[in-house]
Amino acid sequence: MNSTQYTNTSANDLVIEMAKAMPLPLIVIGRDERVVIANQKAEDLFGSGTQGRHYITVLRQPMLLDAIENVLRLGEDATAIYRVSESSRDLHFEVQIRAAVTQDVGYVVIAFEDKTELQEAGQMRRDFVANVSHELRTPLTAVLGFIETLLGPAANDVDARTRFLSIMDAEAKRMNRIVGDLLSLSRVEADRRVRPTNEVNVPAVVRSVVQTLHPLAEARGVSLRLEGGDAQDLVMGDQDQLTQVFTNLVENAIKYGPDGGEVSICITSHAIEPTMRGPAVRVDIADQGEGIPAHHIPRLTERFYRVDTHRSREMGGTGLGLAIVKHILNRHRGRLRVESHSGNGSCFSVILPYD
């Protein structure tokens, strides 16, 4: 092998090894428009056996193919978008297409940068703003309508004024609850990376919550049954936030269970909790309500998601309670598990690690 052949071989080997080492999906096509190199990331995305195939049979999406064709024809750099569905998730890639020349051989290098999380974050922000606007607009529209009526046709109608003011009071309180929960969610998210450093007695927190909510349960004829919790189950946590978690879950069980029913709260300690793969304390909060259809359960902790929108609003719900619970438990490295069957009630389980 002469020196020129050796140099060419070494250069090509170097290109191949560099492509393999790239952390992004990378495809290199030659002037014959066939795939010369596809690294492992690219094969994970497009399937194995891409090397040697015409790039059109691999990449397929028209906008991307047009961009590659322009680079092949004109030699100018291009950018395109590549979208693909994977399971229940849509993946979004920004594609950089560049012309390259090695040892007088022309290539086109195609790199795929995953922008899925950025796209999802942007969509979440847009959905959040839309949901907040909708949730606040409804009570605000009602209040403005009643104000207009009181200033006009019902100005001297004492009965109408009393009725309208009562409705306005309820709607204003609803807006206040939404704003309060939004601020609470914002505070929880701000602290999500800050590990709690205080010891919290979980049974003591649960007993305090049960005592606080006893009047609400009594008003609905609901009995609260507390089991376990005699031991000193201490976890590293934020007492106020854990109180918020158990208050939300027990209050929901009271409100959404039947009048005259029972809510059971069971506290157990586990040397090995399968969910945590280590020692943990578990608090199960079960009601005797209608239950939750299975297709709703994965979305319960989404912001403003409700199983029954009308009933939730009647009960004073904002649609943010379980989102707050999820974020608090994430900060505590805990888990929320939901088991429910239509007609057989629901059980919300809080699992907190000891260390």
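Bear in mind that the values here come from a model prediction, so they are computed numbers and not experimental data. (Residues numbered from 1 in each chain as written. Predicted model: local features only at pLDDT ≥ 70, side-chain atom pairs only at ≥ 80, totals over all residues. Heavy atoms only, no water.)

Caption draft 1: Molecular detail of the side chain of His 332. Mapped onto the secondary structure, His 332 falls in the loop between helix H10 (321-331) and strand E11 (335-340). The exposure class of His 332 is buried, given its relative accessible area of 4%. In this structure the side chain of His 332 is engaged in a polar contact, spanning 2.9 Å, whose partner is the backbone oxygen of Ile 328. Apart from residues no more than four positions distant in its own chain, His 332 is found in contact with Pro 196, Met 236, Gly 237, Asp 238, Gln 241, Leu 242, Leu 352 and Pro 353. (Helix = DSSP H or I, 4+ residues; strand = E, 2+ residues; numbered from the N terminus. Buried < 20%, exposed > 50% of the residue type's maximum accessible area, 1.4 Å probe, protein only. Polar contact = N/O pair within 3.5 Å; in protein donor to acceptor, adjacent residues only side chain to side chain. Contact = heavy atoms within 4.5 Å.)

Caption draft 2: Broad picture of H10. In terms of residue burial, H10 counts as a mostly covered element, since nine of its eleven residues are buried. All buried positions along H10 are accounted for by Gly 321, Leu 322, Ala 323, Ile 324, Val 325, His 327, Ile 328, Leu 329 and Arg 331. Looking at the packing, one finds that the buried side of H10 touches helix H6 (158-190), helix H8 (239-256), E11 and strand E12 (346-353). Looking one or two residues past H10, Arg 333 carries a phi angle of roughly 60 degrees, positive in sign.

Caption draft 3: Spotlight on the pairing of strand E2 (residues 35-38). Note that strand E1 (residues 26-30) and E2 share three bridges and pair antiparallel. Bridged to Val 28 within E2 is Ile 37. In this structure, the hairpin formed by E1 and E2 is closed by a connection of four residues, where Glu 33 is found at a positive phi of approximately 70 degrees. (Pairing = 2+ DSSP bridges.)

Caption draft 4: Expanded view of unusual backbone geometry. Phi at Arg 60 is positive, roughly 65 degrees, even though this residue is not glycine. By the element assignment, Arg 60 lies in the loop between helix H3 (55-59) and helix H4 (62-74). You can call Arg 60 exposed: its relative accessible area is 59%. Although it is not a glycine, Phe 304 sits at a positive phi angle of roughly 70 degrees. Tracing the backbone through its elements, the reader meets Phe 304 in the loop between strand E10 (278-286) and helix H9 (309-314).

Caption draft 5: Region of the structure containing the sheet that holds strand E7 (residues 223-228). Reading across the sheet, the five strands line up as E7-E9-E10-E12-E11 and stay open at both edges, with mixed pairing between neighbours. A single partner strand is all that each edge strand has here, and the edge strands are E7 and E11. Across the sheet, the mean angle separating the axes of adjacent strands is 20 degrees when strand polarity is ignored. Each of E7, strand E9 (262-273), E10 and E12 is contacted by helix H7 (residues 202-219), which is oriented at about 170 degrees to E7, the strand it contacts most. (Axes fitted to C-alpha atoms, helices over the stretch in contact; angles between N-to-C directions.)

Caption draft 6: Region of the structure containing the packing of H8 against H10. Two elements in contact, H8 and H10, have axes separated by 9 Å at closest approach and are oriented at 145 degrees. Viewed along their axes, H8 and H10 form a crossing whose handedness is left-handed. Counted together, Gln 241, Gln 244, Val 245, Asn 248, Leu 249 and Asn 252 of H8 and Gly 321, Leu 322, Ile 324, Val 325, Ile 328, Leu 329 and Arg 331 of H10 form the full contact between these two elements. Its residues assigned to classes, the contact of H8 with H10 comprises seven nonpolar, five polar and one charged. (Left-handed = near helix turned anticlockwise from the far one by under 90°. Nonpolar A, V, L, I, M, F, W, Y, C, P; charged D, E, K, R; others polar.)

Caption draft 7: Structural detail: the pattern of salt bridges. Evaluated as defined, the whole model comprises 13 salt bridges. The closest approach of N and O atoms between Arg 331 and Asp 238, which form a salt bridge, is 3.4 Å. A residue pair is termed long-range when its members are at least 10 positions apart, and Arg 331 in helix H10 and Asp 238 in the loop between strand E8 (234-237) and H8 qualify at 93 residues. As a salt-bridge pair, Arg 282 and Asp 284 come within 2.9 Å of each other at their nearest N and O atoms. Here Arg 282 and Asp 284 have matching classes, each one buried. (Salt bridge = Lys/Arg side-chain N within 4 Å of Asp/Glu carboxyl O.)

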